[in-house]
Amino acid sequence: MPTTGERGQARVELVAPLPLALLLVALAWQAAVAGQAVWLSGAAARAADRAHAVGADPVAAARSSLPPALSHLVGVAAARDGAIDLSLGIPAIVGGTRLATVHARARFAPQGEGAR
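A. Structural context of the pattern of salt bridges. Evaluated as defined, the whole model comprises two salt bridges. Two residues, Asp81 and Arg105, come together in a salt bridge whose shortest N-O distance is 2.7 Å. In this pair, Asp81 sits in the loop between strand E1 (74–78) and strand E2 (84–91) while Arg105 sits in strand E3 (residues 98–106), placing the two residues 24 residues apart along the sequence. Taking relative accessible area as the criterion, Asp81 reaches 37% and is therefore assigned partly exposed. With a relative accessible area of 48%, Arg105 lands in the partly exposed category. The shortest N-O distance in the salt bridge between Arg105 and Asp85 comes to 2.6 Å. Taken together, the residues Arg105 in strand E3 and Asp85 in strand E2 connect sequence positions 20 residues apart. Residues participating in the shared-partner salt-bridge network are Asp81, Asp85 and Arg105.

In structure tokens, the structure reads:
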């Protein structure tokens, strides 16, 4: 039968790796959030450029194509060649800051009556 000291050692051995496991889960979750932001930046750039091509508001189109947690981190700028340059912040899962910014670009031909 194990003594009290041995049972305490087993508890320490069980609890010691928990912070490492939590850190690994947090890193995996952050990687998933970053991947989602990269994926959605392309979709938001295409939505913004489609709206721009038909004369609608590209910023509103980009924001409406993103989930609410990311929609406030988007920036849209029209380029000289008619393309849309979109920047999207990657939010940190802890602290609410922006870790990085991803950029996407989309270009569609103008649509409507005046288009060629």
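Next comes the rest of the account.
B. Structural context of the sheet that holds E2. The strand order across the open sheet built from three strands is E1-E2-E3, with neighbouring strands paired in antiparallel fashion. Bordering the open sheet on either side are E1 and E3, each of which pairs with just one other strand. Adjacent strand axes in the sheet meet at a mean angle of 20°, parallel and antiparallel pairs treated alike. As paired elements, E2 and E3 share eight bridges and run antiparallel to each other. By the bridge assignment, Ile90 is partnered in E3 with Ala100. Across the sheet, helix H2 (residues 18–53) is in contact with E1, E2 and E3; its angle to E2 comes to roughly 155°.

C. View of the nonpolar core. In this structure, Ala62, Leu66, Leu70, Val74, Leu86 and Leu88 are the most contacted members of the largest nonpolar core, which totals 17 residues. Broken down by secondary-structure element, the contributors of at least two residues to this core are H2, E2 and E3. The biggest single contributor to this core is H2, with five residues. Dropping the residues within four chain positions of it, Leu70 is found in contact with Ala37, Leu40, Leu88, Gly89 and Pro91.

Definitions and limits used
- Residues numbered from 1 in each chain as written.
- Predicted model: local features only at pLDDT ≥ 70, side-chain atom pairs only at ≥ 80, totals over all residues.
- Heavy atoms only, no water.
- Salt bridge = Lys/Arg side-chain N within 4 Å of Asp/Glu carboxyl O.
- Helix = DSSP H or I, 4+ residues; strand = E, 2+ residues; numbered from the N terminus.
- Buried < 20%, exposed > 50% of the residue type's maximum accessible area, 1.4 Å probe, protein only.
- Pairing = 2+ DSSP bridges.
- Axes fitted to C-alpha atoms, helices over the stretch in contact; angles between N-to-C directions.
- Contact = heavy atoms within 4.5 Å.
- Core = buried A, V, L, I, M, F, W, Y, C linked by side-chain atoms within 4.5 Å.

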